[in-house]
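Notes for the structure review
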Amino acid sequence: MRITEPSTADEFAGYYALRWKILRAPWKQPRGSEQDDVEDSCQHLMVVNDDDRIVAVGRLQFNNIREAQIRYMAVAINAQRRGIGSRLLLALEQRARELGASRVVLDAREQALRFYRKHDYVVHGPGHTLFNAVTHIQMTKTFDHQAR
Ligand SMILES: CC(C)(COP(=O)(O)OP(=O)(O)OC[C@H]1O[C@@H](n2cnc3c(N)ncnc32)[C@H](O)[C@@H]1OP(=O)(O)O)[C@@H](O)C(=O)NCCC(=O)NCCS
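Residues numbered from 1 in each chain as written. Predicted model: local features only at pLDDT ≥ 70, side-chain atom pairs only at ≥ 80, totals over all residues.

**Focus: the environment of Asp 50**
The topology assignment puts Asp 50 in the loop between strand S2 (43-48) and strand S3 (54-62). Once the C-alpha coordinates of Asp 50 and Arg 19 are considered, the two residues, 31 residues apart in sequence, prove to be 20 Å apart. (Helix = DSSP H or I, 4+ residues; strand = E, 2+ residues; numbered from the N terminus.)

Laid out in C-alpha cells, this is it:
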C-alpha cells in the first residue's frame, strides 16, 4: 500500500470516481458533482493498494497562508476501519505542515466525528448541511509548533 499524488488522466479519473462513489452516489448526485472549481489549486493524495486499486482519496486546500482545509476524504467501503483513512489524514496533515500551515480546518460529516476526534480535531461549531440531509460539524486542529 502506498500514498501518492494522482498525476495522469487515468489516475485523476480513478481518484474522482472514488470520491463520487463514496460522497455523492449514495445521495443520487450526478458524476461531476464531486468536483468544485478550485481542484487545480489543491493538493490531492490517494492511497493505492498492492493490486494498484485506489482505496482512499483526500484533498488539501489553503484558505490563507496559515490555514489548510481538508475536504473530500473518502475510503472505499470494503477498505474502511483498517487504518487507511488515518494514514491518509496524517499524510495530508504532513503536507499541510510542509507548506506552512499552523492549523487544519474541516467540515466533518456526523458519522466521521469520532474519526477526527481520535486524531485530535476539536469541534468548532455547526457546519453546512449537504443535499438537505448530510449534517456537518466544523472541526479544527492546531499544530504544536514544536512538532513542526
Ligand atoms: C470516515 C473515514 C474517512 C475514516 O477512514 P477509515 O479508514 O474508515 O478509518 P480508520 O480505520 O483509520 O479509523 C480510525 C479510527 O477512527 C474511528 N472511526 C473511523 N470510522 C468510524 C466510524 N464510522 N464510526 C465510529 N468511529 C470511526 C475509530 O476510532 C477508528 O479506530 P478503530 O477502528 O480502531 O475503532 C471513512 O470511513 C470514510 O470514508 N467514510 C465514508 C465517507 C465519510 O464520511 N468521509 C468523511 C467526510 S467528512
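**Some points on the site of the ligand**
Neighbouring the ligand are 18 residues; Gln 80, Gly 85, Ser 86, Arg 114 and Phe 115 lie closest to it. Among the elements of the structure, strand S4 (67-75), helix H2 (84-98), strand S5 (103-109) and helix H3 (113-118) are those that each provide at least two residues to the shell around the ligand. Tallied by class, the residues present in the shell around the ligand amount to eight nonpolar, five polar and five charged. (Near = placed C-beta within 6 Å. Nonpolar A, V, L, I, M, F, W, Y, C, P; charged D, E, K, R; others polar.)

**Digging into H2**
Helix length check: H2 (15 residues) gives 21 Å between terminal C-alpha atoms against 21 Å at 1.5 Å per residue, within 8%. Residues of H2 that are buried: Gly 85, Leu 88, Leu 89, Leu 92 and Ala 96. One side of H2 carries all its buried residues, which in axial view fall inside an arc of 100 degrees. Exposed residues lying more than 90 degrees from the buried face of H2 are Leu 90, Gln 94 and Glu 98. Residues of H2 that are buried sit in contact with strand S1 (2-4), S2, S3, S4, S5 and H3. Gly 100 occupies a position one or two residues after H2 and carries a positive phi of about 100 degrees. (Expected span 1.5 Å × (residues − 1). Buried ≥ 20, exposed ≤ 12 C-beta atoms within 10 Å, placed from the backbone. Arc of directions from axis to C-beta. Contact = placed C-beta atoms within 7 Å.)

Nothing here speaks to function; it is geometry throughout.
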